[in-house]
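In case you want the letters, here they are:
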Amino acid sequence: MILTRRNGGDLRVKQIATWVGLGLGVLALVLQFGLTITQRLGNGDNIFGAVVFFFTFFTILTNLALVLIYASELWPRQALSWFRSPVTRGMMAAAITLVMVFYHFILAETWEPQGLALICDTALHYVTPIYYVLWWILFMRHGTVKLSDIPAMLLPPTVYLVYAMIRGAIVGEYPYPILEAQRLGYGQVAINVLMVLVALTVLCAIVVAIDRALTRIDLPGP
């Protein structure tokens, strides 16, 4: 059943769920920030370089976007209006799912985090994606996201990929192995990027289909 604004009880459940999502995201990001900055400074980086490095990861940026979506629900400020858009929220359902799938099938076997690193790893790649998708399904109004919105949904991830490649070419450091042009060559990287965008397009189409399907079982609002 889809929980909507039918009564005060539903509103309270939605608000609690939103606070939980916000808390999970902030806690995971702050903890990962501390771990990353400490490690980078220990490796000789300066604070500015360490912070820039932290924000080069799609996982971090998508999780930050989820935090801002929850915040936009709790505090309806004009500055957060973009994060209240159904298209933005649908896009993030697809993007954060891509984060989880990409990590699980490609990155998870490349390292073995321990302790706090393992907690952050699990939170950012599994807990927050699953929680957000459930939150989006259960508490959002549906039926407004269309197939024609997919190009707009693909734009922010595409901008990120361009930025990651430009930065990598300048500093010789890439956030993900599939983007390492100096090792793979730009031809292979172009193929990798195309495959990522195709996968994201499919996920966006699935989100649109789910959004349409949920319209038929959405409860009426006030």
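These lines cover the structure that appears in this document, whether it is placed above or below. The model shown is predicted, which means the values in this text are computed figures rather than measured ones. Residue numbers here run from 1 along each chain, matching the order of that chain's written sequence. Whole-chain, interface and lining totals are the exception, using all residues; otherwise, since this is a predicted model, local features are given only for residues with pLDDT of at least 70 and side-chain atom pairs are given and counted only at 80 or more. Computation of side-chain values: all heavy atoms of the structure, hydrogens and water removed.

1. Notes on the packing of helix H4 (residues 86–107) against helix H6 (residues 150–171)
Every axis corresponds to a line fitted to the C-alpha atoms, with the helix fit spanning only the stretch in contact, and the corresponding angles, defined between N-to-C directions, vary from 0 to 180 degrees. Helical segments are the DSSP runs of H or I of at least four residues, strand segments are the runs of E of at least two, and each set is numbered from the N terminus. In contact at an axis separation of 9 Å, H4 and H6 are set at 60° when each is read in the N-to-C sense. The orientation of H4 relative to H6 falls into the category oblique. For the crossing formed where H4 meets H6, the hand is right-handed. Touching Val 87, Gly 90 and Met 91 of H4 are Ala 152, Met 153, Pro 156 and Pro 157, all from H6. Each angle gets one of four labels, with under 35 degrees taken as roughly parallel, over 145 as roughly antiparallel, 65 to 115 as roughly perpendicular, and the rest as oblique. In this scheme the handedness of a crossing depends on how the near helix is turned from the far one: anticlockwise by less than a right angle means left-handed, clockwise means right-handed. Any two residues whose heavy atoms approach within 4.5 Å at even a single point are treated as in contact.

2. Focus: the packing of aromatic side chains
Two rings belonging to Phe, Tyr or Trp (six-membered ring only in the last case) form a pair when the distance between their centres is within 6.5 Å. Interplanar angles under 30 degrees mark stacking, angles over 60 mark edge-to-face geometry, and anything in between is tilted. Counted according to the given criterion, the structure contains 12 aromatic pairs. Through a chain of ring-to-ring contacts, three or more aromatic side chains come together here, namely Phe 53, Phe 57, Phe 102 and Tyr 176. We call a charge positioned above a ring when the Lys NZ or Arg CZ atom is no farther than 6 Å from the ring centre and deviates by at most 35 degrees from the ring normal. Sitting over the face of the ring of Phe 53, Arg 40 holds its NZ or CZ atom 3.8 Å from the ring centroid.

3. Some details on the nonpolar core
A general trend in soluble globular proteins is that nonpolar side chains are found buried together. By nonpolar core is meant a set of buried Ala, Val, Leu, Ile, Met, Phe, Trp, Tyr and Cys residues that side-chain atoms within 4.5 Å join together. Buried means the residue's accessible area, taken with a 1.4 Å probe over protein chains only, is under 20% of the maximum for its type, while exposed means over 50%, and partly exposed covers the values in between. Membership of the largest hydrophobic core comes to 55 residues, with the highest contact counts inside it found for Met 92, Tyr 132, Trp 135, Met 153, Tyr 176, Leu 179 and Cys 204. Within the residue set of this core, elements represented by two or more residues are helix H1 (8–42), helix H3 (58–74), H4, helix H5 (116–139), H6 and helix H8 (186–215). It is H4 that provides the largest number of residues to this core, a total of 11 residues. If we ignore the near neighbours within four places in the chain, the residues touching Tyr 176 are Phe 57, Phe 58, Thr 59, Phe 102, Leu 107 and Tyr 160.

4. Thoughts on H4
Expected helix span is computed as 1.5 Å times (number of residues minus one). Over its 22 residues, H4 runs 30 Å from end to end, which matches the ideal 32 Å to within 8%, given 1.5 Å per residue. Within H4, 16 of the 22 residues are buried, leaving the element largely enclosed by the surrounding structure. Residues adjacent in sequence count toward polar contacts only when both atoms are side-chain atoms; beyond that, a polar contact is any pair of N or O atoms within 3.5 Å, and within protein one must be able to donate a hydrogen and the other to accept it. Looking at where H4 begins, the residue whose side-chain oxygen comes 3.2 Å from the main-chain nitrogen of Val 87 is Ser 85.

5. What about the pattern of salt bridges?
The term salt bridge refers to a side-chain nitrogen of Lys or Arg lying within 4 Å of a carboxyl oxygen of Asp or Glu. A complete count under the given rule lists 7 salt bridges for this structure. Residues Glu 73 and Lys 14 are paired through a salt bridge, measuring 2.8 Å at the closest nitrogen-oxygen approach. Taken together, the residues Glu 73 in helix H3 and Lys 14 in helix H1 connect sequence positions 59 residues apart. Its relative accessible area of 22% is what places Glu 73 among the partly exposed residues. Several salt bridges converge on common partners, so that one network encompasses Arg 40, Asp 45, Arg 167 and Glu 173.

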